[in-house]
Amino acid sequence: WSHRGLVKAKKDKKIFVRRSFHLFLPSKIAIRRTSTSEDRISSLPNTLLCQILSYLSTEDSVRTSALSKRWTHLWLHVPALELDSSKFPDDFEFGDFFDNFLESGEEDIKRFDLVYNVDEHIHEDFVARIDDVVNRGVCHLTILNELDVEEELVRMPLSLYSCRTLVSLNLYCVVFDASRTAVVSLPRLKTMHLEAVKFDGMWLLGGFISRCSVLEELTIVTDDGDELGVVIVSSKSLKSFKLKSMRSEETEDEGDPTVVIDAPRLEFMSITDYQSKRLVIDNIGPFAKVDIDFIFKVEDNDSFGAMIIDFLTKLSTVREMIISSRTLEMIHDNCEWELLPQFANMSHLHASFLETSWKLLLTFLGCCPNLQSLDLEFDSFPEPEEIELSFVPQCFQSSLQFVGLRTPIRVEGTLSEMKLPMLFLRNCKVLKKLMLNESFRNVIQKVRGIPKMSPQFLTVALSNI
């Protein structure tokens, strides 16, 4: 079909569907039916068939048009649309297909997924189409913009700020901008993922989050040029918060945005590969699980140690913790052991350590008096002479039941491979299980023969991890 012919036939649904076949259907379609076969699917009502088709991709949904006359236009009424502009021959084909779908009916579009990468971005056309999707009762919205943001800014329509049907929102590399008087109301939004999203105005992101009254899961991925400045996460409903930095090495020195967290119902928090001048935790759930890979980006600051202690104190009620080696190194290098808070609620700890961090390990374990499960990951084996107990942590005496050790895989056994598990077997009074990774395979039998302190001990085993 030529461009001129398509323009003339734009309103003709039969021509439109035939052109759709050209985009989505294989060159040959063979449909075989026997006179004795029972067609149970065709006996279903159209509403149910459309619901079934919504679980397919739009491409597969269009293919069903070849089944019979009844199915020819059925896909146009499916409450889901999944588009990738790069799969169309050009911008005209993409826009025309999009428009015809929107004009085909008035049913709600429950799910809309768009991968957007056109040759020429026309702001007015883009906003009008997304407006239509929003106003058609969209519940699950995903927009992944793959245009070069330095050349084109893909801005979200104002209607998205007050979409009363939206349940989940997933955005990549788009822009939010609005005046302070703009109405933000997302009363049903429960899940939001924002990656490399630019908010034109430092106040906008914080206001956006705080006005999502039932928001439960929030993911923010910072990137170059997002100009966030400050990330204020203030929510009384939030249960899961993930924060990750994807900044390039060229902008790493600038650091990531300041973060302020006030979420009293938070059950899980993950901060990954993040460097910032300030990270303030005003409030999180009392028994949360946290995954911390974070360092303060501060130089020559006399209050640096106090800042770290305050950060740890706000985390001292957590139930489970995963902590990276560089975060532990930051704590070790800038804080005195006597000032570290006690993590009395912590039952499980997963920690990564550098070779030189053995003393740091003991220091941190001394702050976890009720620890029950411990997973340790070393980037290299500690030297044998370093593996000594300067003191016995309280958890060794009363609570530690499960220990997992992961070290780099070696072909031949070393003294460290024996001494590391020996320390736990000979000093933990209630230990039940010791899990070792493949690097201990050569010495596993010798490890099993080490005398155990705990009368409750069950097994030494190799893990698959």
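In this numbering scheme, every chain counts its residues from 1 along its sequence in written order. Local features are withheld for residues below a pLDDT of 70 in this predicted model, meaning they are given only at 70 or higher, and side-chain atom pairs are given and counted only at 80 or more; totals for whole chains, interfaces and linings count all residues. By convention in this description, side-chain values take in all heavy atoms of the structure and omit both hydrogens and water.

- As recorded by an unreviewed UniProt entry, the protein carries the name F-box domain-containing protein and is attributed to Brassica oleracea var. oleracea.

**Some words on the overall build of the protein**
Item 1. Scanning the protein for helices and strands turns up 13 helices and 20 strands.
Item 2. A total of 465 residues make up the protein; the buried ones form 49% of that total.
Item 3. For the protein, the share of sequence-separated contacts (at least 6 apart) that also reach a separation of at least 24 residues comes to 68%.
Item 4. Reported accessibility uses the Shrake-Rupley method at a 1.4 Å probe radius. Residues are deemed covered only where the shown protein chains occlude them. By element, 49% of the accessible surface of the protein is carried by carbon and sulfur atoms, the whole surface being about 23,000 Å². Only DSSP runs of H or I covering at least 4 residues are called helices, and only runs of E covering at least 2 are called strands; the numbering of each starts at the N terminus. Exposure categories follow from relative accessible area, calculated using a 1.4 Å probe and restricted to protein chains: below 20% of the type maximum is buried, above 50% is exposed, and the middle band is partly exposed. Residues count as neighbours in contact if any of their non-hydrogen atoms are within 4.5 Å of one another.

**Some thoughts on the side chain of Asp-113**
Item 1. Within the element layout of this structure, Asp-113 appears in strand E2 (residues 111-116).
Item 2. For Asp-113, the side chain forms a polar contact with the side chain of Arg-111, separated by 3.1 Å.
Item 3. Any pair of nitrogen or oxygen atoms within 3.5 Å is treated as a polar contact; in protein, a donor-acceptor pairing is required on top of that, and neighbouring residues in sequence qualify only through side-chain atoms on both sides. Looking at Asp-113, its side chain comes within polar contact range of the side chain of Thr-142, at 3.5 Å.

**Concerning helix H6 (residues 123-135)**
Item 1. If you check H6, its first and last C-alpha atoms are 18 Å apart, about what 13 residues at 1.5 Å a residue would give, namely 18 Å.
Item 2. Where H6 is concerned, the buried positions are Phe-126, Val-127, Arg-129, Ile-130, Val-133 and Val-134. The buried residues of H6 occupy an angular sector of 165° when the element is viewed end-on, so they sit on one face. Opposite its buried face, H6 presents the exposed residues Glu-124 and Asn-135, each directed more than 90 degrees away.
Item 3. Structurally, H6 contributes buried residues whose contacts are with helix H5 (91-103), E2 and strand E3 (140-145). Helix span, expected: 1.5 Å multiplied by one less than the number of residues in the helix. Note: the arc covers the axis-to-C-beta directions of the helix.

**Considerations on the confidence of the model for the protein**
Item 1. A residue's pLDDT is the predictor's confidence in that residue, given on a scale from 0 to 100. The share of residues in the protein with pLDDT of 70 or more is 77%, and the mean pLDDT across the chain is 81.
Item 2. Counted against residues more than four places away or in other chains, residues 1-36, with its pLDDT under 50, gives 54 contacts.

**Things to note about the packing of aromatic side chains**
Item 1. Whether two aromatic rings pair depends on their centres lying within 6.5 Å, for rings of Phe, Tyr and Trp, where Trp uses its six-membered ring; planes under 30 degrees apart make the pair stacked, over 60 edge-to-face, and the rest tilted. In total, this model carries 19 aromatic pairs according to the counting rule given.
Item 2. Judged by centre distance (5.6 Å) and plane angle (40°), the ring pair of Phe-294 and Phe-311 falls under tilted. In this pair, Phe-294 sits in strand E14 (residues 289-296) while Phe-311 sits in helix H8 (residues 304-314), placing the two residues 17 residues apart along the sequence. Of the two residues, Phe-294 and Phe-311, both sit in the buried class.
Item 3. What links up through ring pairs into an aromatic cluster is the set Phe-88, Phe-94, Phe-97, Phe-98, Phe-112, Tyr-116 and Phe-126.

**Observations regarding H5**
Item 1. The end-to-end C-alpha distance of H5, which contains 13 residues, comes to 18 Å, matching closely the 18 Å that a straight helix rising 1.5 Å per residue would cover.
Item 2. Of all the 13 residues making up H5, 10 are buried; the element is thus mostly covered by neighbouring parts of the structure.
Item 3. Listed as buried for H5 are Glu-93, Phe-94, Gly-95, Asp-96, Phe-97, Phe-98, Asp-99, Asn-100, Phe-101 and Leu-102.
Item 4. If you check the start of H5, you find a side-chain oxygen 3.1 Å away from the backbone N of Phe-92, and it comes from Asp-90.

**As for the sheet that holds strand E9 (residues 230-234)**
The strands making up a sheet associate through hydrogen bonds between their backbones, and the pairing can be parallel or antiparallel.
Item 1. Only when DSSP finds a minimum of two bridges between them are two strands counted as paired. With parallel pairing, the 3 strands of this open sheet are ordered in space as E9-E11-E13. At either margin of the open sheet sits one strand with a lone partner, and together these are E9 and strand E13 (279-283). On average, adjacent strands in this sheet sit at an angle of 5° to one another, irrespective of strand direction. Axis angles are defined between N-to-C directions and span 0 to 180 degrees, where every axis is a line fitted to C-alpha atoms and, for a helix, only to the segment in contact.

**Thoughts on empty space enclosed by the protein**
Item 1. The distinction between a cavity and a pocket rests on a 1 Å grid over the protein atoms alone: a 1.4 Å probe fits inside a cavity but cannot get out, while a pocket stays open yet meets protein on both sides within 12 Å along at least five of seven lines, and a residue with an atom within 4 Å of a point counts as lining. Grid points are joined across faces, edges and corners, and a volume is the space filled by probe spheres set on the points. Summed over the entire model, instances satisfying the criterion amount to 3 cavities of 30 Å³ or more.
Item 2. A volume near 40 Å³ is recorded for the second largest cavity.
Item 3. Looking at the second largest cavity, the residues that line it are Leu-194, Ala-196, Val-197, Phe-199, Leu-205, Ile-220, Val-221, Thr-222, Asp-226 and Leu-228.
Item 4. A total of 3 residues in the lining of the second largest cavity trace back to one element, the largest contributor, which is strand E8 (residues 217-222).

**A closer look at unusual backbone geometry**
Item 1. A positive phi angle is found at Ala-196, which is not glycine, with a value near 55°.
Item 2. If you trace the backbone, Ala-196 turns up in the loop between strand E6 (191-195) and strand E7 (198-200).
Item 3. The exposure class assigned to Ala-196 is buried, which follows from its relative accessible area of 11%.
Item 4. The phi angle at Asp-273 is positive, at roughly 55°, despite the residue not being glycine.
Item 5. Along the polypeptide, Asp-273 turns up in strand E12 (residues 268-276).

**A look at the environment of Leu-158**
Item 1. Topologically, Leu-158 is positioned in the loop between E3 and strand E4 (168-172).
Item 2. Assessed through its relative accessible area of 55%, Leu-158 is described here as exposed.
Item 3. Separated by 24 residues in the primary sequence, Leu-158 and Ala-182 place their C-alpha atoms 8.0 Å from one another.
Item 4. Dropping the residues within four chain positions of it, Leu-158 is found in contact with Asp-177 and Ala-178.

**A few points about the pattern of salt bridges**
Item 1. In what follows, salt bridge is the name for a side-chain nitrogen of Lys or Arg lying within 4 Å of a carboxyl oxygen of Asp or Glu. In total, this model carries 12 salt bridges according to the counting rule given.
Item 2. The shortest N-O distance in the salt bridge between Arg-129 and Asp-99 comes to 2.9 Å. Of this pair, Arg-129 sits in helix H6 while Asp-99 sits in helix H5, and the two are 30 residues apart along the sequence.
Item 3. Judged by its relative accessible area of 16%, Asp-99 is buried.
Item 4. A salt bridge links Arg-155 to Asp-177; its shortest N-O distance comes to 2.5 Å.

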